[in-house]
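Architecture and fold: a report
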Amino acid sequence: ALVGQRYLYNRVWIPDNEEVWQSAEITKNYKAGDRFLLVQLEDGTELSYPVDPAALPPLRNPDILVGENDLTALSYLHEPAVLHNLKIRFVESKLIYTYSGIILVAINPYKQLPIYGDAIIHAYSGQNMGDMDPHIFAVAEEAYKQMARNNKNQSIIVSGESGAGKTVSARYTMRYFATVSKSSSKAHVEDKVLASNPITEAVGNAKTTRNDNSSRFGKYTEISFDRSYQIIGANMRTYLLEKSRVVFQSENERNYHIFYQLCASAMQPEYAHLKLGSAEEFNYTRMGGSTVIEGVDDRANMVETQKTFALLGLKGDFQMDVFKMLAAILHLGNVEIAAVGDERSSISSEDKHLSIFCELLDLNCDKMARWLCHRKIVTTSETVIKPMTRAQAANARDALAKKIYSHLFDFIVERINQALQFPGKQHTFIGVLDIYGFETFDVNSFEQFCINYANEKLQQQFNLHVFKLEQEEYMKEDIPWTLIDFYDNQPVIDLIEAKMGILELLDEECLLPHGKDENWLQKLYNNFVNKNALFEKPRMSNTSFIIQHFADKVEYKCEGFLEKNRDTVHEVLVEILKESKFRNSLSLLMVTLNATTPHYVRCIKPNDEKLPFEFDSKRVAQQLRACGVLETIRISAQSYPSRWTYIEFFSRYSILMTQQELSLNDKKQICKTVLQRLIQDHNQYQFGRTKIFFRAGQVAYLEKLRSDRLRQACILIQKRVRGWLQRRRFLSVRRAAVTVQQYFRGQRTVRSFYICHILSPFCFNRVLESHFQSQKEIYEKEIEGLNFKVEHLSQDINHLQKLFREENDINDGIRLEVSRLTSENLVRSRCRSTTQICLWHSKYCGYVFEISRLTQMGPFVVNMIPGLPAHILFMCVRYADYLNDADMLKSFMSATIDGIKQVVKEHSEDFEMLSFWLSNTYHFLNCLKQYSGEEEFMKYNTPRQNKNCLKHFDLSEYRQILSDLAIRIYHQFIIVMENNIQHIIVPGMLEYESLQGISGLKPTGFRKRSSSIDDTDTYTMTSILQQLSYFYSTMCQNGLDSELLKQAVKQLFFLIGAVTLNSLFLRKDMCSCRKGMQIRCNISYLEEWLKDKNLQSSNAKETLEPLSQAAWLLQVKKITDDDAKEICEHCTSLSTVQIVKILNSYTPIDDFEKRVTPSFVRKVQGMLNNREDVPQLMLDTKHLFQVTFPFTPSPHALELIQVPSSFKLGFLTRV
């Protein structure tokens, strides 16, 4: 387990100019002092690689650990391991999210993926962060859960460079909160919060060379929640709007989207007064030479922008004022400034665009023309009007345009915040920060300086938080804490913001009347060159300076620093000049973040060409270094980076345990005993309260031991099987030899017999006679035995005939007695009044309300006929019909229906009560049909039943009302069943492993699914079957019709299959061959349960077909063209998206399984292209099959029904 050694066949990472790192296999053992390491690259190239004994090449992780959900689950934690793991997940498995401890790394796929629907949101809702595949929704759920559990404000910090997907990630977190915390109010606060995104993107996003929808400002959105943790409002703060983009765009870039949306709508009548044209006609929109984005409809987006304005309550007048300001800016950019000599400039009084600009903003045109070309200089003694050159006037015009847009942007944000204000009191909030990540370009100016300064502050906060969490983890597990060295970027922050730092010197220069960028830069050289190690002067430039940031060295060009800094400085109050507005807002942001629990999302741009699922290792490595992911890894790797719960360790490495060790009852003690035996150096691990902590490389060593043990077991099995096969072959050959021997011996005997027959015919005749005689004796004995049997059977038949005649005599006597009693009854019935035809009535005038007490009954009567309350209710209806009393009937039916509704409402979560009243509502409905007097129902009745049909009233209208009520009860009944079983489906169907020897548990890194060694409370497949049996027995006891019962079971089985399959799609760790075996085993248990309950005809089994096919897909071979063809032919219940998802997620549990190659996945995808199915990943677990209520006539005669005393309906009497 000595990770410092490099042995034969070990694989290492060596630097590479193209791929950053490349894998190599050691071909000769390395000895201390060797200056070269002999390796072979993956392409077969032999290489003698020079090494430094103090810094040997990093070791590569075993293949079984590659592709992990969490980078901290890797045994060797270093840059090449991180880069390789991300590449495997992104390129081969098409997974864009990966955890790195507390960070979610999100790689932009540059492709729409079906992983953001409401079904996915509901799948992540309520789940622990380690239970599902990494996802932006998992981070949002963790923040929401911690807020609700701890009553503490949360922040989600989304960062990354332009084009990495920050805006989309922030938008998805907000959508998640809006979905899971939906309030019941009609204010639609959630919709308003989401509606703020399209507006801010229209006025704050633009096309850059890196991204078609790049956010050119930072945004912190506080989403406010009440005490029920439902959204009640939001507030937005913005930072670092790129004002320079209003007047200048680089090649292939655009201005802000809203300008192009406005120009695309210029021909519409309502915008005629703005006097706009196409974007090609205006300087401020055509400068980058790219006025159109492929696949984007600016006119349609304008309609969407207007809709979202309206949704926020910002109506037409406000919108038109905004559009006027925007149009005015475009016209201002087209104002022509002419040079008058070298020192002056002028604007023609007939300039069309200036006139429109002044008209739109209601300004004096002459004054505007004058002050665009002149400036006022105020001194202590006088005020001087000084003309400006053409260049200065153009700069003044552009400065005015930037100022107008900046104020307009702030005004729009302010109005959005007003629309998102809430009357109630904020209980907690979750803030979502969407801000530029660290940026470095060929030319870096003031904007990049501010962005990188902000990121220095955020990185410092991040480092402290990671360090704090690491310390808390050690303390919680009672592990001795040793101080970990981590990068502290306070020195570079001091360089920028401390007294006499870069920013203070910049503000000071801005105060001077003749302050210049060059003078400020010279002050920086004088103060910091050779005095501060983090500041450098470029060798070949006198107009730039270099700062060593936490991420990289960045060279800044000083040109424009003073002008852009003045934009953020209040020029009137001297005391405020000491500190910029930007620094104030940044300081406030850091205070807010420090008061919350942060969650980090680092967005990564995989390539600069925006190609889907292409991974440029150089670009990714550069961003990983810049965003703090590698710093997290470095902090983790210094101590005990690999952490397993005891149950994970036991399940994974039980194969390395001896029988004596396994005989112990305490699993925790078993783990300790085994580990002390396997790893002699006890400094390589620590035992915590719930986890085992390993130093780097130890898990890889344990995996090697496990792999060796499995290989030995395979060899032993192969040896036994081969021996068994050879034994079978030997026995088969021996049987064949014996057969051949028998044949030849027989031939020899026949030949001898033939010779004997020729030589001695007499002897041959004697042999034949002897043979015939023996056969005759055998036949005579058989005939004698058969005769005996015939005689015995005849006696049995006579006896049975005698018994049958005696039974017939008894039955005749019973029939005679029944006839006699019937005759007597008939005589008596004729002597009674006509009201004695099995009707029921009440002794009291208010009997309707008393009868309605039936609807308050519950399922407490045992051994009563199915639907007894329903029959009693119908007989009361029959009584009203007999009296021909319409008012009585109406009152009774209304009271009955209202009573059922009331009891269902009061017991809406009581499964037994719902089952009882679903059954009785259904039986009552059937009684109304059976005795309606309609031919289609009467044909199922006996003549006696038809005499009880209704005579005076048509109750078809009430039948419809009852049918609708029954459907409502059924739906609530299904919801209650689903709520009772849903939480045990995934643990029982997917997580619990009942099959011996197929445990697929692997380490899960920082995010643990369980920290407990005690798994006695976990749900199993038995839990699901017990719950199903409870549902079934309750439905049967309450007399639910068999057809309705089958429909309910079908709905439950669909839920089980859909929830399990959906979870499988989002659980890469579950997509293995062994898990497929377990799922298939669990499905067989469900099928057996159906058979045991005689429910095969319910079609419930068919609803499990997608899950069954998914389990088969996990188990089947996935290598050749024939395999691909078989998959396409077999998986007919799975969509193309679902098949590809499972193939991409397939994860080997050990070295004996192979990953599915990307080429095979593409092959299957190509074969499935012609399929016409919905491109949807998740099954709709809320789907309800249409319920039908079949007519089933009651076999019970009304005249024989008795009311049990337990009903307490003593006021009912028979007349």
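Our subject is the structure that appears above.
For the structure given in this document, a descriptive report is provided here. (Residues numbered from 1 in each chain as written. Predicted model: local features only at pLDDT ≥ 70, side-chain atom pairs only at ≥ 80, totals over all residues. Heavy atoms only, no water.)

**Let's talk about the overall build of the protein chain**
Secondary structure summary: the protein chain contains 41 helices and 25 strands in total. Going through the 1215 residues of the protein chain one by one, you find that 50% of them count as buried. Residue pairs at least 24 apart in sequence account for 72% of intrachain contacts in the protein chain once pairs closer than 6 positions are excluded. Accessible area of the protein chain: about 59700 Å², with a carbon and sulfur share of 52%. (Helix = DSSP H or I, 4+ residues; strand = E, 2+ residues; numbered from the N terminus. Buried < 20%, exposed > 50% of the residue type's maximum accessible area, 1.4 Å probe, protein only. Contact = heavy atoms within 4.5 Å. Areas by Shrake-Rupley, 256 points an atom, 1.4 Å probe, with all protein chains shown as cover.)

**Examining the packing of helix H13 (residues 446-476) against helix H14 (residues 490-497)**
Where H13 meets H14, the axes come as close as 10 Å, and the angle between the chain directions of the two elements is 140 degrees. Taken together, the axes of H13 and H14 lie oblique to each other. The hand of the H13/H14 crossing is left-handed. Facing H13, whose interface residues are Phe449, Tyr453, Glu456, Lys457 and Gln460, H14 presents Gln490, Val492, Ile493, Ile496 and Glu497. (Axes fitted to C-alpha atoms, helices over the stretch in contact; angles between N-to-C directions. Parallel < 35°, antiparallel > 145°, perpendicular 65-115°, else oblique. Left-handed = near helix turned anticlockwise from the far one by under 90°.)

**What about the sheet that holds strand E21 (residues 642-645)?**
Pairing within the open sheet is antiparallel, and its three strands lie in the order E21-E23-E22. The open sheet is flanked by E21 and strand E22 (685-687), the only strands paired with a single partner. Adjacent strand axes in the sheet meet at a mean angle of 20 degrees when their direction is disregarded. The pairing of E22 with strand E23 (residues 691-694) spans three bridges and is antiparallel. If you follow Gln686 over to E23, its bridge partner there is Phe693. Packing of helix H24 (residues 667-678) onto the sheet brings it into contact with E22 and E23, and relative to E22 it is tilted by some 160 degrees. (Pairing = 2+ DSSP bridges.)

**So, the packing of aromatic side chains**
To describe a pair of aromatic rings, one takes the distance between the centres and the angle between the planes. Within the structure shown, the criterion is met by 45 aromatic pairs. Arranged with centres 5.8 Å apart and planes meeting at 75 degrees, the rings of Tyr271 and Phe323 form a pair that is edge-to-face. Note that Tyr271 is positioned in the loop between helix H6 (257-264) and helix H7 (283-286) and Phe323 in helix H9 (residues 316-333), a separation of 52 residues in sequence. You can call Phe323 buried: its relative accessible area is 1%. Their ring planes at 85 degrees and their centres at 5.5 Å tell us that Phe446 and Phe561 sit as a pair that is edge-to-face. (Phe/Tyr/Trp six-rings, centres within 6.5 Å; stacked < 30°, edge-to-face > 60°.)

**Description of a nonpolar patch on the surface**
Side chains of Ile717, Val721, Trp724 and Leu725 sit close together on the surface and give an oily, nonpolar patch of about 390 Å² of accessible area. Looking at the element boundaries, Trp724 is found in helix H25 (residues 698-759). (Patch = residues over 30% accessible without salt bridge, like charges linked within 9 Å, V, L, I, M, F, W, Y side chains within 5 Å. Salt bridge = Lys/Arg side-chain N within 4 Å of Asp/Glu carboxyl O.)

**Here we look at the pattern of salt bridges**
In the structure shown here, the tally under the stated rule is 39 salt bridges. Of the charged contacts in the structure, one is a salt bridge between Asp608 and Arg619, with a shortest N-O distance of 3.0 Å. Within this pair, whereas Asp608 is found in the loop between strand E20 (597-604) and helix H20 (617-627), its partner Arg619 is found in helix H20, the two being separated by 11 residues in sequence. Exposure remark for Asp608: the relative accessible area of 34% places this residue in the partly exposed category. The exposure class assigned to Arg619 is buried, which follows from its relative accessible area of 10%. The shortest N-O distance in the salt bridge between Glu991 and Arg1067 comes to 3.1 Å.

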